Amino acid sequence: MESMGSEAALAGMEASMKEDLSMEIDPPFKESLATADDWRKALNKVVPAVVVLRTTACRAFDTESAGASYATGFVVDKPRGIILTNRHVVKPGPVVAEAMFVNREEIPVYPIYRDPVHDFGFFRYDPSAIQFLTYEEIPLAPEAACVGLEIRVVGNDSGEKVSILAGTIARLDRDAPHYKKDGYNDFNTFYMQAASGTKGGSSGSPVIDWQGRAVALNAGSKTSSASAFFLPLERVVRALRFLQKGRDSNSSSWEAVTIPRGTLQATFLHKGFDDTRRLGLRSETEQLVRHASPLGETGMLVVDSVVPYGPAHKHLEPGDVLIRLNGEVTTQFLKMESLVDDSVNHKLELQIERGGKPLTVDLTVQDLHSVTPDYFLELSGAIIHPLSYQQARNFRFQCGLVYVAEQGYMLFRAGVPRHAIIKKFAGEDISKLEDFISVLSKLSRGARVPLEYISYSDRHRRKSVLVTVDRHQWYAPPQIYTRDDSSGLWIVKPVLPPDSPFLSPQVPSEHDLASNRVPSCAAELAQMEPAHQCPVQESMDGFTSMETSCEQIDEGPHSLDETDSGTKKRRVEEELSAADGVLLPECSLHEPREERLEDNGTGTDTVLGDYQGAAAAVATNASVAEHAIEPTLVMLEVHVPSSCMLDGVHSQHFFGTGVIIYHSQTMGLVAVDKNTVAVSVSDVMLSFAAYPIEIPGEVVFLHPVHNFALVAYDPSALAAGSSLVRAAELLPEPALHRGDSVCLVGLSRSLQATSRKSFVTNPSAALNIGSADCPRYRATNMEVIELDTDFGSTFSGVLTDDLGRVRAIWGSFSTQLKYGCTSSEDHQFVRGIPIYSICQILDKIISGAVDRTLLINGIKRPMPLIRILEVELYPTLLSKARSFGLSDSWIQALVKKDPIRRQVLRVKGCLAGSKAENLLEQGDMVLAINKAPVTCFRDIEDACQQLDRYKEKNEKLELTIFRQGREMDIPVGTDVRDGNGTPRVINWCGCIVQDPHSAVRALGFLPEEGHGVYVARWCHGSPAHRYGLYALQWIVEVNGKPTPDLDALVAVSKEIEHGEFVRVKTIHLNGKPRVLSLKQDLHYWPTWELRFDTETAIWRRNTIKSLDRKAM
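Parameters and conventions
Residues numbered from 1 in each chain as written. Predicted model: local features only at pLDDT ≥ 70, side-chain atom pairs only at ≥ 80, totals over all residues. Heavy atoms only, no water. Helix = DSSP H or I, 4+ residues; strand = E, 2+ residues; numbered from the N terminus. Buried < 20%, exposed > 50% of the residue type's maximum accessible area, 1.4 Å probe, protein only. Contact = heavy atoms within 4.5 Å. Expected span 1.5 Å × (residues − 1). Pairing = 2+ DSSP bridges. Axes fitted to C-alpha atoms, helices over the stretch in contact; angles between N-to-C directions. Core = buried A, V, L, I, M, F, W, Y, C linked by side-chain atoms within 4.5 Å. Salt bridge = Lys/Arg side-chain N within 4 Å of Asp/Glu carboxyl O.

### Regarding the environment of glycine 167
Among the structural elements, glycine 167 can be located in strand 8 (residues 163-175). Owing to a relative accessible area of 9%, glycine 167 belongs among the buried residues under this scheme. For the pair glycine 167 and glycine 148, spaced 19 residues apart in sequence, the C-alpha to C-alpha distance is 9.3 Å. Once residues within four sequence positions are removed from consideration, glycine 167 is found in contact with Leu149, Glu150, Ile151 and Ala195.

### A short note on helix 14 (residues 836-847)
Given 3.6 residues per turn, any residue in an α-helix points the same way as the ones three and four places further on. Here helix 14 spans 16 Å end to end across twelve residues, near enough to the 16 Å set by a 1.5 Å rise per residue. For helix 14, the tally of buried residues reaches nine of twelve residues, placing the bulk of the element in the interior. Within helix 14, the full set of buried residues consists of Tyr836, Ser837, Ile838, Cys839, Gln840, Ile841, Leu842, Ile845 and Ile846. In the segment just after helix 14, glycine 848 is the residue with positive phi, at about 80°.

### Some remarks on the sheet that holds strand 8
Strands sit in the order 7-8-9-12-11-10 around a closed barrel of six strands; the barrel is antiparallel. Sheet twist, expressed as the average angle between the axes of neighbouring strands with direction ignored, equals 45°. Bridge count for strand 9 (residues 190-194) against strand 12 (residues 228-231) is three bridges, and the pairing is antiparallel. Bridged to methionine 192 within strand 12 is phenylalanine 230.

### Considering the nonpolar core
Note that soluble globular proteins tend to have their nonpolar side chains buried in a common cluster. Residues Phe74, Leu84, Phe101, Phe120, Phe122, Tyr125 and Leu140 are the most contacted members of the largest nonpolar core, which totals 53 residues. Ranked by the residues each element gives to this core, the list is headed by helix 4 (residues 234-246), at five residues. Beyond its immediate chain neighbours, meaning those up to four positions away, phenylalanine 120 contacts Leu84, Thr85, Asn86, Arg87, Tyr113, Arg114, Asp115, Leu217, Leu231, Arg235, Val236 and Ala239. By size, the runner-up hydrophobic cluster in this structure holds 48 residues, among which are Val659, Leu710, Ala728 and Ile856.

### Some thoughts on unusual backbone geometry
The amide bond that connects glutamate 733 to the next residue, proline 734, takes the cis arrangement and shows omega of -5°. Among the secondary structure elements, proline 734 is positioned in the loop between strand 37 (709-713) and strand 38 (741-747). Look at tyrosine 309: it is not a glycine, yet its phi comes out positive at around 65°. Inspection of the secondary structure assignment puts tyrosine 309 in the loop between strand 15 (299-306) and strand 16 (321-325). Residue class for tyrosine 309 comes out exposed when judged on its relative accessible area of 60%. Located in the positive-phi region is alanine 719, a residue other than glycine, with phi close to 55°.

### What about helix 4?
If you check helix 4, its first and last C-alpha atoms are 19 Å apart, about what 13 residues at 1.5 Å a residue would give, namely 18 Å. All of the buried residues in helix 4 are Arg235, Val236, Val237, Arg238, Ala239, Leu240 and Leu243. Summarising the contacts, the buried residues of helix 4 are in contact with strand 2 (67-77), strand 3 (82-85), strand 5 (106-114), strand 6 (121-124), strand 12 and helix 7 (333-341).

### Examining the pattern of salt bridges
Tallied over the full model, the rule gives 66 salt bridges. The salt bridge involving lysine 41 is made with aspartate 37; its shortest N-O contact spans 3.5 Å. Here aspartate 37 and lysine 41 lie together in helix 2 (residues 36-46), a separation of four residues that amounts to about one turn. Taking relative accessible area as the criterion, aspartate 37 reaches 35% and is therefore assigned partly exposed. Among the salt bridges present, the one from aspartate 969 reaches lysine 931, with a minimum N-O distance of 2.9 Å. Taken together, the residues aspartate 969 in strand 52 (residues 966-973) and lysine 931 in the loop between strand 49 (925-929) and strand 50 (932-933) connect sequence positions 38 residues apart. You can call aspartate 969 partly exposed: its relative accessible area is 43%.

### Brief notes about the pairing of strand 54 (residues 984-988)
Note on strand geometry: in a regular strand, side chains alternate between the two faces of the sheet. Judged by how many residues are buried, strand 54 sits mostly within the fold: five of five residues are covered. Where burial is concerned, the two faces of strand 54 agree: the one with Arg984, Ile986 and Trp988 and the one with Val985 and Asn987 are both buried. By the bridge criterion, four bridges tie strand 54 to strand 61 (residues 1087-1093) in an arrangement that is antiparallel. Bridge assignment links isoleucine 986 to a residue of strand 61, and that residue is glutamate 1089. Here three bridges tie strand 54 to strand 55 (residues 991-994), and the two strands are oriented antiparallel to one another. Bridging across to strand 55, asparagine 987 finds its partner in isoleucine 992. Here strand 54 folds back onto strand 55, and the loop between the two strands holds two residues, one of which, cysteine 989, carries a positive phi near 55°.

### Quick notes on the sheet that holds strand 6
Taken together, six strands build a closed barrel; the order of strands is 1-2-3-6-5-4 and the barrel is antiparallel. The average undirected angle you get between the axes of adjacent strands in this sheet is 40°. Two elements, strand 4 (residues 95-100) and strand 5, share four bridges in a ladder whose sense is antiparallel. The residue of strand 5 that forms the bridge with methionine 100 is glutamate 106.

### A word on the environment of lysine 180
Note on placement: lysine 180 falls in the loop between strand 8 and strand 9. Residue lysine 180 is classed as partly exposed on the basis of its relative accessible area of 33%. When the C-alpha atoms of lysine 180 and threonine 63 are compared, they prove to be 9.8 Å apart, with 117 residues separating the residues in sequence.

Shown next, in the form of structure tokens:
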């Protein structure tokens, strides 16, 4: 781990001054008589035994996070194949590693031991696998270390394969370096110090003398100077001897070896006699210690901290000065640790002085391995395990508590941070991991239960959150990983019993189906509810009682860190009243039913009440519009699982305001901008302004062009609030004009309606949003409404008239501001989105035209398909067009068509793979469609809809364009898109792969090799991370076989076995091809797909290939 290659900044100026002014007496200098030839011989012997370690931490665990890194190790036992390196290289958790020798032979290595406290560990390898290199093991000589000894550090420094750095040991008694407050730190040992200037990658390098012996182990360095820190080897030699005794060099198998390690769960520091005097050490005690200690002893061991509820708890206190252990004067860490390690599960007598008062305490030495976890629970991307001694010491908590090493998706969604300690779950106290698993096994998918936790930064107060169990199968079922030092792997097993409700798939319940069922299946029509029409309507007729539901969503895995600055705040509101009529031919209670929505008239009862409420609002200084629209507003909180961040979505957490546009007894629809609901692979929670309730919603429609999405909810979940919640009345015509007065209404985070009067300054401003570094949805071919005043770039809502009828949604748009060539920043702004496009989609749903069906609340509903011209356009003033040679006759015709805009549309580019590609060119002016002049984006949308209306078979538009001084007619095909978003994703070797989405295709380029599959994301600690298969590129070939689509990739991946290297050809977004090799790891990273199941409306996860299950 490179971060351990350098020490963090000093804790404070006082500590820094103390170190700089240190005048402690070191052991006598031993003069080195080595010559350059001696060093040459030593290095020739040592270098072949030094290896470059490429390690991949597959999961976050204890003090380490998931990731890939380079480090160094060296052979210390050739017959048995043992490599020594640092503990932070071996990792406490699952790790996959390879060792590369100097002749470029690469072999797999497996961890066999990592010390719980000190920074050393061992890998094993098969010595017979090295066929072309002659090398010898490096002997360990801890006794040879002394001040003034000339040394060489041989290893992989700063990524160099072989680096040799010279230095001289300056100190043997430096305090153990402090790396980070919430990660791994060594303690209860001295370190050596030298000015060798090692950097990242040199961790685990041997520190050798001129005889080729290792006298220390390189561990870290200080970033602010050239100082390097070396671990003494006395305890390393002891551990190595235990490993050697536990395995015969002639044996082909490796058995796990237990190395006795004890602990008092107390940290000691070595302080000089001047410090101990100030702590109250008596003069006679100091005299005794000086006489009993080796010549040159300068201090004593002092208690620095004690872990709560450990063996030393309430027996030792910070500031206690250690005098004797088992009757022996002890002033050195090595002697103390030897006594402790030899006394596991036995009593140890400590004689101490506390403020000048002598005390004797008897402590039972605890097995250090018992407070070092060797298993963890993986749940929805979270890593949960017993709190280790390392972290208990950092955070001052009791060992064994339930510790969140990585919050994953489900816990992050609830707001549980990393390093949290879970104290209560679903109302039950949690003291150990087994308690947590027991409660989890009783929960079903979609359940919402409370959880209490504490954190080290606010340890005295418990925090309570609401955890929502994943309804969709975003992640694999909960699993337990247990370390097996015999194989070097972590064995994976399911943790829940087969009959656990958690493992039952979520399907529409009989209660849901029965509540929507008509008493007699023979009846052709159910009783119709009043419905509301989108077309212009002067009255507020048609309001019906409406319920909304919403679901809260959180960020996941910590493959992509998100901060508050990355969290987008959006609000959009809009509602339309309508009702459902149910058509039930011979139906079955247990089968999803198809429902036809009928537009069947209007009602007046609710309207009367609304106007009465509006009158009351005036009396309380609230506008009529605000009072009328408030019951239709909804706050949405959206979370995207890190395991499936598709379509370039730039954050895992969004929130914004939506408006109810449809409400009936069986379904409600909320319209919201796509900067709040960006992808269908998400969890949505809805909170209502009219009634204090929060319920889940489902994304049912994402417009492929316009910046809005539709979220469905179950009105029955509103219970008593259904009478207070209703749909808004939409008023798409007449269109707004410059100078029109509108009311901007939205919700604050506290669900309070806020409004102000504004005036339209530009009713048809054309958007021009550039592509982001990571292509994602951006609004194109849209005209938006601009106001003179608003509430800022984070406030969204609706634009209404004085009676509260919705004219537009005030939605949020995402863009990216770029500074220079390398830096960029996500940005958002708000504009008005005319309501007509939402009305068109709603009309198609109500009319029941079955382009496709989608299961919503247990009923199959008709959902529209959208015909579009996949061409990005932008307006140009006619005055500019004249300069390009456009004739006066066309200019006059376009002015006559639209005397206000006075513009012509030009082609910015065609989407790759569209039917317009290769027909239209950049810069073409679109003059007419089917001989009718066009001047705005809506003209093109209307022309596309006419093809559907008259069911044209050729599905082409006759475009009249102007290109390079010539006018020409070109038939251009249109494309049909649904509102599903991306319905399928595959995780192969830790990279998230999907079909190229529209934002990628909008760049105008797809690989010629069958277009390929697009890498959207990659996971930390995966083979994709390890070998550099990163995002923003297409996979076009695997092992020479083309992968034009996901099915082809699945077929190829099934042929690849575990541990097999594959050749992958990729093409970057910039068109640059690349070939890389990648090693498949099916043990930690099985191949799986996530697919939307239209029959159950659930995202389901299917294993394609794993180590134990070769195929689906």
